Amino acid sequence: MSISYEYEKADSGSESEEDSGPHKPGPYPAAVLELCLHLPGAAVLPSARSSALQIAWRALAHWNRALEREDPEEQGLFLEGARSLLAQEQLIGQKAGGWPLSVALPDRGPTRCLSAIVQSCALAVLLRAFSLTGAVAYAQALERCLETFRRDVLDGGLATPLYADGIFFEELALYPAVHSFNGMAFALLSLQELVQFWPAGHEEIRRLLQQALATFEQSLCEFAAGFWPYGDLERRHLVSPEELALQIALLEALSAATQSEACARALRSWQRYQRSWLSRLRYRWWRVRHALVGRIWRLWQPRLFPRSARAAGRLRVCVPLPAFPALGGVLTVLEAIEAVTPDLWSMEYLTRAITNQETGRYVVHRFGRPWMGASHFPFVWFYVLTGSAKLLALLRRGKSFDLVLPQDAVFSAFLSAPLGRLAGARVVCIDHGHLTLLQEDIHPLHLAERRHLLAHRGRLRRLIGRVQEWCYWPSYRLMLRLAARFVDQYLAPGVPGDGVEAMAARFGIPASRVVRFASMVDVERYPLLSEEERVRRRQEHGLRPEHVVVAIACRLTPEKGLDVALASLARALESLMPAARSNVRLIIAGEGPLRHELEQTIDQLQLQAQCALWGELSAPEIARLLSISDIFLYTSTRGACFSMAVLEAMAAGCAVIASTRPPSNALLLSEGRGIAVRPADVEETASALARLIASPTLCRQMGQAARAYIAERHSPAAFRRVLLRASGWADLEQLLTATEARSGLEGEVED
């Protein structure tokens, strides 16, 4: 059914205003509308203009004149424009609708997308038309338009996540998100009008406005370049004087409508930029310099970095990382990426040569020598220089990567981000804790761990190690700061407040470029066993059904707090009855430099009967261990991001006791999903162990709640969305096509 037919059907006999309808809005901000009509290039890019936007602007101008002159003819022209908008609306799914525009994208050609400016101006027109006529068709179109503000861009909407809990409406609803000033400001104006003039509207709209306004207020400091504002937070190009005039008009309207102090402060700053001759001079110098450099680089870039045609639908991705095959959390993340992007990405790895292990199913580009590690000075500089040389050679030979995905924010990012940007690739860094390693409460612990590993070496070796430390950390800070100038986005697993945002600000990384995400764990890899299968697997390892199995899976290194784990177990056993004590078994899976020291500690605490060291296990073997375990114990004294060991234990249905290092463990184990304890607190850890050992029912309840949480929050589908947002998405056409197909089918049924 077409929108125009629906309007005619609703319009006949439904013009009377309902009690719950909106109040009559006032004039649309005149200064904004005048600039849009006379200088449309200040509002939207020439390639992004649409007939629907022109219709909406002209309709709002007629509305303003109708209010000013009380002219029925102007009111009729306004309604004519509103009806024209209804006729042009396109459905997006079953509940949303909008006015897509066509834009040209590099490597893709023309594509269709929504625009927050178009949707916002259409929303303003529909609100006024509904208040004037009470027609059901306008109310329905208003609700469909409003639905695009609720939806993420991936779902056919306008919203993108920004900051910890923020939401941003995009001028061009595509990924990677640009975060344009104009698109967000127009959206806030229309939502504010909806809240103001439709008191009976949903409370959800008010909450949406408050969330978006808080995000915009936080972003204003990033839009200010110090002497002139940016147009967006991605490219960070300075706006033209005409665009500055529109931003000032939008800020003036917003500060008056929302009473926002942040908007008022930004308005004063923007007006100061506009009046200052020094600011205008600096802007002109920037514009000349930017145009000159851009023209020269457009001439030389194809010669220095030739690009071949990309296979349809798949991005060419380069993954620089210090070691291959990767270990620990890095390996888990890379496996997750490969699992969710086989149809999206074609991945190649760039790493130093450290192993002769078979890697036939991977495309691996190796550089350097095994001794060129990233953990010591001066070898870290050899790692960076040889890695950069290898990547440069690949790019010069026509390896046209679309995305560079370094796996740390320091060494791999420094060797790959500048070259990736010069070659025209997007650079997205997945950081696994390197950003927070310099935190005041973490850095001393890390230094102590490194020195602990040298404690048994000779005096000369310890002296050399101390000199290396003195030289290493200045190099670390320098690489991190320089890499930050070229990385487009940082993906950091973890939760806000764990120090990533603070350290990013310390090294000049804008908050809008830091994206937090939930590490993926596929619960299907950790199936729940039947009681018979569980008993059988336990018997294979000499474990009886009545045993309470406590598992630990980690590298045997100082930061894992294994001494705390053993001391806590010994203390817990003291509080148990002899029968319960004899049924406890602790299994430690992993290898590392502290194995001999760990064996000595087990002997000292007389835990030989309860403890077993299983050595290093593969991922499937870890899954089998977790499937026969009741409790998972994690006692790390230092950590960042998410602990993959904790996530996997939760997915397997174990009751987890974990320290709050990293801080994300506190969130994961809240609401009865496990027990979080203070780092290195033997008493608290022992108490938690004794509580769970004595209550198998509580163990099962915690395990079930933990598994359900992981299935919902850390699913492959959620992780795929994170990667799409980071790398790019422009497939609104598929949603429109699917809707048109359903509409056609419904029409056939009706006929």
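Residues numbered from 1 in each chain as written. Predicted model: local features only at pLDDT ≥ 70, side-chain atom pairs only at ≥ 80, totals over all residues. Heavy atoms only, no water.

### A closer look at the sheet that holds strand β17 (residues 631-634)
Logical step 1: The six strands are arranged β16-β15-β14-β17-β18-β19 in an open sheet whose pairing can be described as parallel. One side of each edge strand has no neighbouring strand; the edge strands of this open sheet are β16 (611-615) and β19 (675-677). Along the sheet, successive strands turn relative to each other by an average axial angle of 20 degrees, direction set aside.
Logical step 2: Pairing of strand β15 (residues 584-589) with β16, which is carried by four bridges, proceeds in the parallel orientation. For L586, the partnering residue across the bridge sits in β16 and is C611.
Logical step 3: Its contacts with the sheet put helix α23 (residues 644-651) on β14 (548-553), β17 and β18 (655-659), and the angle it makes with β17 is roughly 170 degrees. (Pairing = 2+ DSSP bridges. Helix = DSSP H or I, 4+ residues; strand = E, 2+ residues; numbered from the N terminus. Axes fitted to C-alpha atoms, helices over the stretch in contact; angles between N-to-C directions. Contact = heavy atoms within 4.5 Å.)

### Quick word on the environment of T341
Logical step 1: Topologically, T341 is positioned in the loop between α12 (328-340) and β8 (345-352).
Logical step 2: As for T341 and F719, which are separated by 378 residues in sequence, their C-alpha atoms are 9.9 Å apart.
Logical step 3: If near-sequence neighbours (up to four positions away) are discounted, T341 is found in contact with M347 and L723.

### Digging into the sheet that holds strand β10 (residues 403-404)
Logical step 1: Reading across the sheet, the seven strands line up as β9-β8-β7-β10-β11-β12-β13 and stay open at both edges, with parallel pairing between neighbours. Two strands in the sheet have a free side with no partner beyond their single neighbour: β9 (364-367) and β13 (514-517).
Logical step 2: Taken together, the four bridges between strand β12 (residues 489-493) and β13 define a ladder with parallel strand orientation. Following the sheet pairing, P493 is matched in β13 by F517.
Logical step 3: Along the sheet face, helix α13 (residues 379-396) touches β7 (315-320), β8 and β9 and points at about 135 degrees away from the line of β9.

### Structural notes on the state of the cysteines
Logical step 1: The tally for this structure, following the rule as stated, stands at zero disulfides.
Logical step 2: Free cysteine: C36, not disulfide-bonded; nearest cysteine sulfur from C121 at 6.3 Å.
Logical step 3: Here C429 is not disulfide-linked; the sulfur of C641 is the nearest cysteine sulfur, at 10 Å.
Logical step 4: Since its relative accessible area comes to 0%, C429 is described here as buried. (Disulfide = S-S within 2.5 Å. Buried < 20%, exposed > 50% of the residue type's maximum accessible area, 1.4 Å probe, protein only.)

### Some thoughts on the packing of aromatic side chains
Logical step 1: Taken as a whole and assessed by the stated rule, the structure comprises 20 aromatic pairs.
Logical step 2: Here F149 and F169 contribute two aromatic rings whose centre-to-centre distance is 5.3 Å and whose plane-to-plane angle is 70 degrees, an arrangement assigned as edge-to-face. Placement of the pair is F149 in helix α6 (residues 136-150) and F169 in strand β6 (residues 166-169), with a sequence separation of 20 residues.
Logical step 3: In this structure F169 comes out as buried when scored by relative accessible area, which is 0%.
Logical step 4: Both rings, one in F367 and one in Y383, keep their centres 5.5 Å apart while their planes meet at 50 degrees; by these two values the pair is tilted. One end of the pair, F367, is in strand β9; the other, Y383, is in helix α13, and 16 residues separate them in sequence. No difference in accessibility class separates F367 from Y383, as the two residues are buried.
Logical step 5: The rings of F181, F216, F223, W270 and Y273 are connected pair by pair, giving a single aromatic cluster.
Logical step 6: The ring of W300 carries the charged tip of R303 above its face, separated from the ring centre by 5.1 Å. (Phe/Tyr/Trp six-rings, centres within 6.5 Å; stacked < 30°, edge-to-face > 60°. Lys NZ or Arg CZ within 6 Å of the ring centre and 35° of its normal.)

### Here's the deal with the confidence of the model for the chain
Do not read the fine detail of predicted coordinates wherever pLDDT is low.
Logical step 1: Model confidence for the chain is summarised by a mean pLDDT of 88, while 91% of its residues fall at 70 or above.
Logical step 2: Contacts of residues 1-19 to residues separated by more than four positions or lying in other chains number 31 contacts, the stretch itself having pLDDT below 50.
Logical step 3: Segment residues 741-751 is flagged for pLDDT under 50; beyond a separation of four residues in sequence, or across chains, it makes three contacts in the model. (pLDDT = per-residue confidence, 0-100.)

### A few points about the pairing of β9
Logical step 1: A one-sided burial pattern is seen for β9, the buried positions being H365 and F367 and the unburied ones V364 and R366.
Logical step 2: Sheet topology places β8 next to β9; four bridges connect them, and they run parallel. Along β9, the bridge assignment pairs L350 with H365.

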